[in-house]
Amino acid sequence: RCLSDWSSDVCSSDLLLEIEVEGDRVQRVKTWVTGKCVLSQQVRNLSDLFFSDEGRLGLFEVTYPRVLDPKAFRELKLLLEEEKSVSRFDQLVQ
């Protein structure tokens, strides 16, 4: 359940860029989204800071339960290159 809007939070791409390991970036985002609602466009914007399918998929996994527009979220699948990542994404949004 969403308690507040993430857009009013201090979720800064600059702060994420200071974190070198993508898995650690995913954990930071997980902390930010706890109890908040997110839009697919916000997730899309953050996905630019992840350079591997594994990192982007981690981002998608922690944000999907909080997303307000799941239909639009499904379009993020196009950002994944590897077939196994696409399959995992499909399982996520079932």
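Remember, it's a predicted structure, so these values are computed and weren't measured experimentally. (Residues numbered from 1 in each chain as written. Predicted model: local features only at pLDDT ≥ 70, side-chain atom pairs only at ≥ 80, totals over all residues. Heavy atoms only, no water.)

## Regarding the packing of aromatic side chains
Under the definition given, this model contains 4 aromatic pairs. Seen from their ring centres, Phe60 and Phe89 are 5.7 Å apart, and the 80° between their planes marks the pair as edge-to-face. Of this pair, Phe60 sits in helix 4 (residues 53–63) while Phe89 sits in helix 6 (residues 83–92), and the two are 29 residues apart along the sequence. You can call Phe89 buried: its relative accessible area is 1%. For the pair Phe73 and Phe89, a centre-to-centre distance of 5.8 Å together with 10° between the ring planes defines the contact as stacked. With a gap of 16 residues between them, Phe73 in helix 5 (residues 70–73) and Phe89 in helix 6 connect regions that are remote in the sequence. (Phe/Tyr/Trp six-rings, centres within 6.5 Å; stacked < 30°, edge-to-face > 60°. Helix = DSSP H or I, 4+ residues; strand = E, 2+ residues; numbered from the N terminus. Buried < 20%, exposed > 50% of the residue type's maximum accessible area, 1.4 Å probe, protein only.)

## Looking at helix 2 (residues 22–33)
Here helix 2 spans 17 Å end to end across 12 residues, near enough to the 16 Å set by a 1.5 Å rise per residue. The set of residues buried in helix 2 consists of Glu22, Arg25, Val26, Val29, Trp32 and Val33. End-on view of helix 2: buried residues confined to an arc of 120°, all on one side of the axis. (Expected span 1.5 Å × (residues − 1). Arc of directions from axis to C-beta.)

## Some words on the pattern of salt bridges
For the structure on display, the rule yields 5 salt bridges. For Glu61, the salt bridge is made with Arg88, and the minimal N-O distance between the two is 3.1 Å. Remark: Arg88 occurs in helix 6 and Glu61 occurs in helix 4; sequence separation between them is 27 residues. For Glu61, a relative accessible area of 34% puts it in the partly exposed group. (Salt bridge = Lys/Arg side-chain N within 4 Å of Asp/Glu carboxyl O.)

## Re the nonpolar core
Judged by nonpolar contacts, the single largest core of 23 residues is most densely connected at Leu16, Val29, Val43, Leu59, Phe60, Phe73 and Phe89. Looking at this core, the elements that each hand over two or more residues are helix 2, helix 3 (40–47), helix 4 and helix 6. Sequence-distant contacts of Phe60, that is, excluding residues within four places in its chain, are made with Val43, Ser47, Phe73, Leu76, Leu79, Leu80, Phe89 and Leu92. (Core = buried A, V, L, I, M, F, W, Y, C linked by side-chain atoms within 4.5 Å. Contact = heavy atoms within 4.5 Å.)

## Some words on helix 3
Looking only at helix 3, the buried set comprises Ser40, Gln42, Val43, Leu46 and Ser47. Along the axis of helix 3, the buried residues cluster in a sector spanning 160°; they form a single face.

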